[in-house]
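Coordinate inspection notes
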Amino acid sequence: MNVVLESIWLLIGLISLIAVAAVVAIAGLVRGRKGSRRRLSAGGRTATLDHDADDGRSATPTQAPPSGPPTLVETGSRGTTAEQETELAQLDRPESSRGRLQRLRSRLARSNTALGKGLLTLLSRGGLDEDTWEDVEDTLLSSDLGVEASAELVQSLKTRVRVDSVRDEATVRAWLREDLLSLVDPSMDRRVAATRVDGRPAVILVVGVNGTGKTTTVGKLARVLVAEDRDVVLGAADTFRAAAADQLQTWGERVGVPTIRSDKEGADPAAVAFDAVKAANEMEADVVLIDTAGRLHNKANLMDQLGKIKRVIEKQSPIQEVLLVLDATTGQNGLRQAEVFAEVVQVTGIVLTKLDGTAKGGIVVAVQRKLGVPVKLIGLGEGPDDLAPFDADAFVDALLA
């Protein structure tokens, strides 16, 4: 009988010990989950959403394995495993914003821009007579500066020459720089909102017409933000252009940024945008970039759909930025595009692409005057890091170099 009792007590003690150990383990797991933050930039993950094209309902996101070398090993580590560090080491390392600006300044200075080179050629003639001033104004107009801004600049220069009785070329050049800088307006806030707001990711909606390089710009902007140590999520809401989602996913994989997309052709873009913001919120990302389908500014139904995307997103989170991508070579047509887009989605900033030797630098001034919003980013090439924050001083100096 004693042996039986001893066995029972031994069994009870063993069960108690196991129960205590289980409680401790569960508590530790809960604390570990609460204390950790999901790292977005490891592994180039992609969430695929199975959308119903009619009502925008989505299935549970699934993650695809990494499919390319694609990143930056972030400084100020938030805590990664050895496996994650290995994945990060295999990804692209985007160039810092400072390095981009220096390189793009040099490239712009080498460009044969009508605005900079043409004006300096005219001013180097020596005597600034009325014919020369007319040529200066014609050059400004041909550079897409706009009638009003061109007249202001010429009148300012003529007044200074007359009042100060100075015709020295170096002095006139200095005045030209000062007036151009005033037109470009260095006081505008050109920062891109890419920091969490009230516990939510910043939402950036990227819009524009076909052919401006919009999807490529979203990918390049993701690289800029990764270089600034931001956790980024991409939303492939361009569901109409063939391979647009694949293109954006490839950009994301190169720097370890997850892409929210639908594999259904013709899926509701507003539903994809909604799920991208939702996923970014769940992942505790810093910013979500939403790529939208290119659309002609004179197609009312497509512009209405863009308005729907904006409204759907704002059901769960405010939009911090609406960036309009413009091809700098389109001139006055680009200004009309900008005007219509601004009416639909309240544009907060401009991205000028193709601002190279074939572009006319005056578009910077013209589009800012038209919309009252700043040019925030410029692109000067096809390379993955050929997108940089716009700097008014650097831009004017490059034009007059």
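Above this text you will find the structure in question.
Summary of the structure given here. Since this is a predicted model, take the numbers as computed values, not measurements.

Further remarks concern the environment of Arg93. Mapped onto the fold, Arg93 is located in the loop between helix 2 (82–89) and helix 3 (97–110). Measuring from C-alpha to C-alpha, the distance between Arg93 and Val255 comes to 7.2 Å, with 162 residues separating the pair along the chain.

Where charged atoms of side chains with opposite charge meet at close range, the side chains can pair. Scanning all chains against the criterion turns up 18 salt bridges. For Lys158, the salt bridge identified is with Glu130, shortest N-O distance 3.4 Å. Here Lys158, found in helix 6 (residues 147–164), pairs with Glu130, found in helix 5 (residues 130–142); they are 28 residues apart in sequence, far enough to count as distant. Assessed through its relative accessible area of 22%, Lys158 is described here as partly exposed. The salt bridge involving Arg369 is made with Glu152; its shortest N-O contact spans 2.8 Å. Placement of the pair is Arg369 in helix 13 (residues 363–371) and Glu152 in helix 6, with a sequence separation of 217 residues. For Glu152, a relative accessible area of 36% puts it in the partly exposed group.

Interhelical geometry of helix 8 (residues 214–227) versus helix 9 (residues 244–255) gives an angle of 15° and a closest axis separation of 9 Å. It follows from the interaxial angle that helix 8 and helix 9 lie roughly parallel. As helix 8 packs across helix 9, the resulting crossing turns out to be right-handed. Touching Thr215, Thr216, Val218, Gly219, Lys220, Arg223 and Val226 of helix 8 are Ala244, Gln247, Leu248, Trp251, Arg254 and Val255, all from helix 9.

Before going further, it helps to examine helix 14 (residues 392–399). Burial analysis of helix 14 places six of its eight residues in the buried class, which makes it a mostly covered element. When we look at burial in helix 14, the residues that qualify are Ala392, Ala394, Phe395, Val396, Ala398 and Leu399. Sitting at the head of helix 14, Asp391 places a side-chain oxygen 3.2 Å from the backbone nitrogen of Asp393.

Turning to the packing of aromatic side chains, a few remarks are in order. As enumerated under the stated definition, the model contains one aromatic pair in all. Positioned above the aromatic ring of Trp251, the side-chain terminus of Arg254 is 5.6 Å from the ring centre.

In terms of residue burial, strand 6 (residues 287–292) counts as a mostly covered element, since six of its six residues are buried. By the alternation rule, side chains of strand 6 split into Val287, Leu289 and Asp291 and Val288, Ile290 and Thr292, which are all buried. Where strand 3 (residues 202–207) and strand 6 come together, five bridges link them in parallel fashion. Opposite Leu205, over in strand 6, you have Ile290 as the bridge partner.

Basis of the calculations
Residues numbered from 1 in each chain as written. Predicted model: local features only at pLDDT ≥ 70, side-chain atom pairs only at ≥ 80, totals over all residues. Heavy atoms only, no water. Helix = DSSP H or I, 4+ residues; strand = E, 2+ residues; numbered from the N terminus. Salt bridge = Lys/Arg side-chain N within 4 Å of Asp/Glu carboxyl O. Buried < 20%, exposed > 50% of the residue type's maximum accessible area, 1.4 Å probe, protein only. Axes fitted to C-alpha atoms, helices over the stretch in contact; angles between N-to-C directions. Parallel < 35°, antiparallel > 145°, perpendicular 65-115°, else oblique. Left-handed = near helix turned anticlockwise from the far one by under 90°. Contact = heavy atoms within 4.5 Å. Polar contact = N/O pair within 3.5 Å; in protein donor to acceptor, adjacent residues only side chain to side chain. Phe/Tyr/Trp six-rings, centres within 6.5 Å; stacked < 30°, edge-to-face > 60°. Lys NZ or Arg CZ within 6 Å of the ring centre and 35° of its normal. Pairing = 2+ DSSP bridges.

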